[in-house]
2 protein chains.
Amino acid sequence: MISVEDARSRILAALAAAPAETVPLAQGWSRVLARPVISRVTQPPADVSAMDGYAVRTPDAVAGASLAVIGSAPAGHPFAGEVGPGEAVRIFTGAILPPGADAILLQEDAEAAEGRVRVQETVQQGRWIRRRGLDFATGAELLPAGRRLTARDIGLAAAANHAWLAVHRTPRIGILATGDEIALPGDPIPPGGIVSSNAHALAALVRAAGGDPLVLPIAPDDRQAIAEAAVAARACDLLVTTGGASVGDHDLVQAALGPQGFALDFWQIAMRPGKPLIWGRLGATPVLGLPGNPVSALVCAVQFLVPAIARLSGQPGGPPRAIRALAGAPLAENDRRFDHLRASLVPGEDGQMLATPFPLQDSSMLQVLARAEALILRAPHAPALPRGAPVEVIPLGDLGI
Amino acid sequence: MISVEDARSRILAALAAAPAETVPLAQGWSRVLARPVISRVTQPPADVSAMDGYAVRTPDAVAGASLAVIGSAPAGHPFAGEVGPGEAVRIFTGAILPPGADAILLQEDAEAAEGRVRVQETVQQGRWIRRRGLDFATGAELLPAGRRLTARDIGLAAAANHAWLAVHRTPRIGILATGDEIALPGDPIPPGGIVSSNAHALAALVRAAGGDPLVLPIAPDDRQAIAEAAVAARACDLLVTTGGASVGDHDLVQAALGPQGFALDFWQIAMRPGKPLIWGRLGATPVLGLPGNPVSALVCAVQFLVPAIARLSGQPGGPPRAIRALAGAPLAENDRRFDHLRASLVPGEDGQMLATPFPLQDSSMLQVLARAEALILRAPHAPALPRGAPVEVIPLGDLGI
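This one's a predicted model, so the numbers in the text were calculated from it and none came from an experiment.

*Asks:* Kindly report on the overall build of chain A, identifying the contributing residues and their values.
*Replies:* Tallying secondary structure elements over chain A gives seven helices and 26 strands in all. Computed over its C-alpha atoms, the radius of gyration of chain A comes to 31 Å, more than 25% above the 21 Å expected for a compact globule of 401 residues. Burial statistics for chain A: of 401 residues in total, 55% are counted as buried. In chain A, 70% of the contacts between residues at least 6 apart in sequence involve partners at least 24 apart. Here chain A contributes 33 positively and 37 negatively charged side chains, and the mean placements of these two sets differ by 4 Å.

Spelled out as structure tokens, the structure:
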């Protein structure tokens with residue numbers, strides 16, 4: 001058996017970022033930059049007012065003075081002239097400071113009447129002025145390659161005058177569910193069969209992780225059918241299979257894919273749920289074989305598929321983000337397999353998060369998994385812990401998973 | 001001035017969930033259920049084996065015994081006969097337990113040869129059998145209305161035999177940026193003007209929050225232009241404007257929309273950044289007027305627009321999710337305005353998160369906002385705090401914002 005960390009490292013080492021494509025800024029959200037965003041403008045482009053008020057000369061604008069208002073400078077309409085002694089220009093937030101002015105008299109500190117303004121509070125030189133380039137200057141690297149773009153990043157790239165972005169192509173993830181016993185929802189269920197849940201759960205997880213899922217038709221447990229479906233996956237950046245990875249007599253995925261040029265690694269991972277994992281390559285396409293059990297498949301997907309999609313998307317990939325919480329119940333000593341306890345996650349009395357494992361942890365229980373807000377991580381041979389002890393948890397809801 | 005909480009409550013009270021639509025299961029991820037998902041099947045559909053091994057009768061399967069293997073039960077292919085005394089059936093994980101059998105002899109505890117199997121460990125009655133309905137039964141409510149569907153939920157709905165889901169329509173959010181001084185990225189920038197960043201940042205934020213953005217052409221500061229654009233927004237569930245909400249002479253949004261049947265609330269919110277906010281209704285369409293300053297617009301969107309989209313999507317909406325962190329630097333006493341300090345957020349030595357405000361908090365600095373991982377929340381009149389004191393923060397990255 002190999003460890004979760006080893007398996008993930010070997011998977012990540014075999015993957016590379018998808019090549020770049022150009023997308024409109026408006027489609028850039030949540031994509032990963034392939035090239036940095038370098039500013040094409042300076043922001044603000046000149047010294048501007050930070051407030052609504054009057055652009056004035058500091059020596060003039062003492063309490064009690066009266067200044068002649070010689071014009072107006074709304075944002076986007078710079079005042080054409082200059083502010084001379086005894087003069088003021090009405091100005092608005094974001095508007096360029098007219099030549100001659102070196103301070104802003106706030107609107108609330110001014111009394112305007114008949115083309116003049118009376119100063120009620122003495123101004124401070126330079127106050128309420130935003131200097132040219134305060135936010136950023138032309139040529140500055142604002143967003144590095146490899147960054148997954150937030151809404152704020154999109155705003156920043158827009159402000160830097162980019163209508164287009166170079167991002168990594170969204171990785172296309174083929175999903176192949178295998179098994180005689182499974183039927184698509186709504187389709188006739190064979191005797192002794194069940195409704196297929198893995199393919200669509202994994203497709204949603206692929207979306208949540210930033211990939212583009214391609215759900216292949218279910219392959220019955222038949223070598224030819226599996227091989228044909230695998231051929232269809234050659235256009236994918238990664239093929240994910242579910243089922244066929246146990247150690248029983250019906251492990252057809254491995255046997256079926258051999259003649260297609262399948263180079264196989266088959267691993268027993270020291271983890272629960274989800275022991276057996278296939279890793280390999282079908283021609284140029286990497287193949288990740290997940291267990292057929294839906295809970296095992298999803299937990300393995302959190303540990304291996306989400307990082308794989310991150311790497312294919314142009315990010316480093318790595319362990320799923322874990323946070324510190326407190327155990328809401330005593331935890332038993334762990335055996336040699338890395339465990340993932342399905343747990344609720346609620347704020348405790350002192351503001352720390354409380355993670356409480358559900359009483360039933362059977363790996364067939366999809367309803368329990370769906371209700372879990374977190375997976376409590378239990379390292380191999382972790383000691384028993386009392387209620388209230390700190391534990392690491394993966395918060396599932398944050399991931400949309 | 002009214003409080004952030006008051007403003008949010010009044011906005012939420014004026015909004016209702018968008019009506020339901022039917023979508024394929026495969027498009028259900030991240031949508032909000034309009035009707036509960038009730039199971040149409042029982043899972044497992046019968047008692048099934050939890051492991052690979054042999055279905056046996058407990059009295060027979062004692063260490064040292066030899067049993068006749070009379071057939072095989074792969075998953076999806078139930079064994080047609082019955083297990084009699086002295087007999088065993090080869091069985092695989094998930095396969096239905098044949099009549100007569102009441103225990104599973106694990107594969108690793110068995111030695112098979114020439115049509116017989118030798119028992120190496122005495123079995124326990126009922127062990128390694130998953131009972132019919134262990135996961136869920138026909139008629140059970142598996143997912144409630146109002147739930148935003150995770151990948152696991154999609155798996156559960158599939159397993160419950162649903163090919164279609166009733167979800168709330170994705171709310172369509174019109175976005176109208178106003179201002180003479182702004183230009184779309186790549187377009188010619190007017191003298192003294194800047195590149196428009198609000199519309200596309202807000203569009204990305206709308207996507208992150210689960211809405212469908214409709215970016216309207218920029219409206220110059222001209223009553224007719226704003227009014228025309230507003231008409232185009234009548235097909236929206238909510239119209240968001242940016243700019244035109246200050247207290248200067250150029251507050252055209254209010255004036256322009258009046259003749260269009262605009263019922264206005266104009267609020268000064270006791271918050272920083274982002275004091276002025278328009279709230280109202282244009283005919284049947286609610287209107288949220290955000291400040292023109294990009295940082296103010298985005299912070300207001302986190303506090304008001306994200307909850308509004310949640311409500312329109314069929315969820316209750318409420319304050320953005322905040323977590324507990326420790327102040328990474330001393331914090332000054334706050335004035336009467338609810339403050340949002342742009343901050344980094346990193347795990348501290350003891351596993352708690354450390355939120356450290358950036359030194360420059362000027363509300364014009366979009367780059368600082370983009371680099372922030374969190375907003376530190378400072379209630380009105382919050383006292384000064386030393387480094388290490390607990391603070392509430394909104395983690396922005398989790399939201400894709």
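*Asks:* Which residues make up the sheet that holds strand β21 (residues 285-290) of chain A, and what values go with them?
*Replies:* Residue and element names in this part refer to chain A. One open sheet accounts for six strands, arranged β16-β13-β17-β21-β20-β18; its pairing is mixed. Strand pairing shows two members of the sheet lacking a second neighbour, β16 (212-215) and β18 (262-268), which therefore form its edges. Strand-to-strand twist of the sheet, defined as the mean angle between neighbouring strand axes without regard to direction, takes the value 20°. Both strand β20 (residues 276-282) and β21 contribute to a ladder of five bridges, which runs antiparallel. Along β21, the bridge assignment pairs L282 with T285. Helix α3 (residues 198-208) contacts β13 (172-177), β16, β17 (238-242) and β21 of the sheet and is inclined by roughly 165° relative to β16.

*Asks:* For the pattern of salt bridges, give the residues involved together with the corresponding values.
*Replies:* Inspection of every chain in the model, using the stated rule, returns 18 salt bridges over all chains. The residue E21 of chain B makes a salt bridge to R31 of chain B at a minimum N-O spacing of 2.6 Å. Residue E21 of chain B is found in strand β1 (residues 20-24), and its partner R31 of chain B is found in the loop between β1 and β2 (37-38); the two are separated by 10 residues along the sequence. A relative accessible area of 15% places R31 of chain B in the buried class. Taken together, the shared-partner salt bridges in this structure form one network comprising R272, D335 and D339 of chain A.

*Asks:* Run through the interface of chain B and chain A, naming residues and quoting values.
*Replies:* Each side of the interface is counted separately: chain B has 82 residues, and chain A has 81 residues. When the two sides are added together, the surface that chain B and chain A hide from each other amounts to roughly 6400 Å², 57% of it contributed by carbon and sulfur. The interface formed by chain B and chain A contains two salt bridges. Between D362 of chain A and R130 of chain B there is a salt bridge whose closest N-O contact spans 2.9 Å. Applying the counting criterion to the chain B and chain A interface returns 28 residue pairs in polar contact (both at pLDDT 80 or more).

*Asks:* Which residues make up unusual backbone geometry, and what values go with them?
*Replies:* A cis amide bond links Q43 of chain A to the next residue, P44 of chain A, at an omega of -5°. Position of P44 of chain A relative to the elements: it lies in the loop between β2 (37-38) and β3 (48-49). Although it is not a glycine, S30 of chain B sits at a positive phi angle of roughly 75°. Examined against the element boundaries, S30 of chain B turns out to sit in the loop between β1 and β2.

*Asks:* Can you tell me about the packing of helix α3 (residues 198-208) of chain B against helix α6 (residues 294-313) of chain B, naming the residues and giving the values?
*Replies:* To describe two helices that pack against each other, one gives the angle between their axes and the distance between the axes. Residues and elements named next belong to chain B. Following both chains from N to C, one finds α3 and α6 inclined at 30°, their axes separated by 10 Å at the closest point. Classified by the interaxial angle, the pair formed by α3 and α6 is roughly parallel. For the pair α3 and α6, the sense of crossing is right-handed. The segment α3 lies against α6, with N198, A201, L202, L205 and V206 engaging P294, A297, L298, A301, L305, V306 and I309.

*Asks:* Can you tell me about the domain arrangement of chain A, naming the residues and giving the values?
*Replies:* Often the size quoted for an interface is simply the accessible area lost on bringing the parts together. One can read the domain layout of chain A as domain 1 (4-17 + 170-313), domain 2 (20-43 + 144-168), domain 3 (48-130) and domain 4 (323-399). The centre of domain 2 of chain A, based on its C-alpha atoms, is set 38 Å off from the matching centre of domain 4 of chain A.

*Asks:* Summarise the environment of L106 of chain B; cite the residues concerned and give the values.
*Replies:* Residues and elements named next belong to chain B. Assignment of secondary structure puts L106 in strand β7 (residues 103-106). According to the relative accessible area criterion, L106 is buried, its value standing at 11%. Taking the C-alpha atoms as reference points, L106 and A270, 164 residues apart in sequence, are found 67 Å from one another. Look past the residues within four positions of L106 in its chain and what remains in contact with it is M51, D52, G53 and W128.

*Asks:* I'd like a rundown of the packing of aromatic side chains, residues and numbers included.
*Replies:* Taken as a whole and judged by the stated rule, the model has zero aromatic pairs over all chains. When the ring centre of Y54 of chain A is taken as origin, the NZ or CZ atom of R90 of chain A, which lies over that ring, is 5.0 Å away.

*Asks:* Kindly report on the pairing of strand β7 (residues 103-106) of chain A, identifying the contributing residues and their values.
*Replies:* Residue and element names in this part refer to chain A. Side chains of β7 alternate between two faces, with A103 and L105 and I104 and L106 buried alike. Where strand β4 (residues 53-56) and β7 come together, four bridges link them in antiparallel fashion. Bridge assignment links Y54 to a residue of β7, and that residue is L105.

*Asks:* Please provide a residue-by-residue account of the relation of the copies chain B and chain A, values included.
*Replies:* Least-squares fitting of chain B to chain A yields an RMSD of 0.0 Å, with the transformation described by 0.0 Å of translation along the axis and a rotation of 180°. As the rotation angle and translation indicate, the two copies are arranged about a two-fold axis. For chain B, the residue whose C-alpha comes nearest the rotation axis is D398 of chain B, separated from it by 3.2 Å. A share of 99% of interface residues in chain B that are also interface residues in chain A marks the association as one of identical surfaces.

*Asks:* Quick rundown of the side chain of T58 of chain B? Include the residues and the values.
*Replies:* Residues and elements named next belong to chain B. Relative to the helices and strands, T58 is located in the loop between β4 (53-56) and β5 (66-73). The exposure class of T58 is buried, given its relative accessible area of 17%. At 2.7 Å, the side chain of T58 forms a polar contact with the side chain of D102. Beyond its immediate chain neighbours, meaning those up to four positions away, T58 contacts D102, A103, V123 and Q125.

*Asks:* An account of the environment of S364 of chain A is requested, with residue identities and associated values reported.
*Replies:* Relative to the helices and strands, S364 of chain A resides in the loop between β24 (353-357) and α7 (366-371). A sequence separation of 69 residues divides S364 of chain A from V295 of chain A, and the C-alpha atoms of the two residues are 6.2 Å apart. Not counting chain neighbours up to four residues away, the residues in contact with S364 of chain A comprise N293 and V295 of chain A together with R130, L134 and D135 of chain B.

*Asks:* Can you tell me about the sheet that holds β4 of chain B, naming the residues and giving the values?
*Replies:* All names here are of chain B. Strand order in the open sheet formed by six strands is β7-β4-β6-β5-β9-β8, with mixed pairing between adjacent strands. Looking along the sheet, the strands with just one partner apiece sit at the ends: β7 and β8 (110-113). Across this sheet, the average inter-strand angle for adjacent strands is 40°, counted without regard to direction. Sheet topology note: the β4/strand β6 (residues 87-91) ladder contains three bridges and is antiparallel. What sits directly across from G53, in β6, is I91.

*Asks:* Go over helix α2 (residues 151-159) of chain A, please, and point to the residues and values.
*Replies:* All names here are of chain A. By the criterion of burial, α2 is predominantly enclosed, with nine of the nine residues buried. Regarding α2, the residues found buried are A151, R152, D153, I154, G155, L156, A157, A158 and A159. You can read the cap of α2 off the contacts: a side-chain oxygen lies 3.3 Å from the backbone nitrogen of R152, and it is on T150.

*Asks:* Run through helix α4 (residues 223-232) of chain A, naming residues and quoting values.
*Replies:* Among all positions of α4 of chain A, only I226, A227, A229 and A230 of chain A are buried. Angular distribution of buried residues about the axis of α4 of chain A spans 165°; they occupy a single face of the element.

Parameters at a glance
- Residues numbered from 1 in each chain as written.
- Chains lettered and ligands numbered in written order.
- Predicted model: local features only at pLDDT ≥ 70, side-chain atom pairs only at ≥ 80, totals over all residues.
- Heavy atoms only, no water.
- Helix = DSSP H or I, 4+ residues; strand = E, 2+ residues; numbered from the N terminus.
- Rg over C-alpha atoms; globule rule 2.2 N^0.38 Å.
- Buried < 20%, exposed > 50% of the residue type's maximum accessible area, 1.4 Å probe, protein only.
- Contact = heavy atoms within 4.5 Å.
- Lys, Arg positive; Asp, Glu negative; His and termini not counted.
- Charge placed at Lys NZ, Arg CZ, Asp CG, Glu CD.
- Pairing = 2+ DSSP bridges.
- Axes fitted to C-alpha atoms, helices over the stretch in contact; angles between N-to-C directions.
- Salt bridge = Lys/Arg side-chain N within 4 Å of Asp/Glu carboxyl O.
- Buried area = accessible area lost by both parts, 1.4 Å probe.
- Polar contact = N/O pair within 3.5 Å; in protein donor to acceptor, adjacent residues only side chain to side chain.
- Parallel < 35°, antiparallel > 145°, perpendicular 65-115°, else oblique.
- Left-handed = near helix turned anticlockwise from the far one by under 90°.
- Domains from an automatic or database assignment.
- Phe/Tyr/Trp six-rings, centres within 6.5 Å; stacked < 30°, edge-to-face > 60°.
- Lys NZ or Arg CZ within 6 Å of the ring centre and 35° of its normal.
- Least-squares fit on C-alpha atoms with pLDDT ≥ 70 in both.
- Arc of directions from axis to C-beta.

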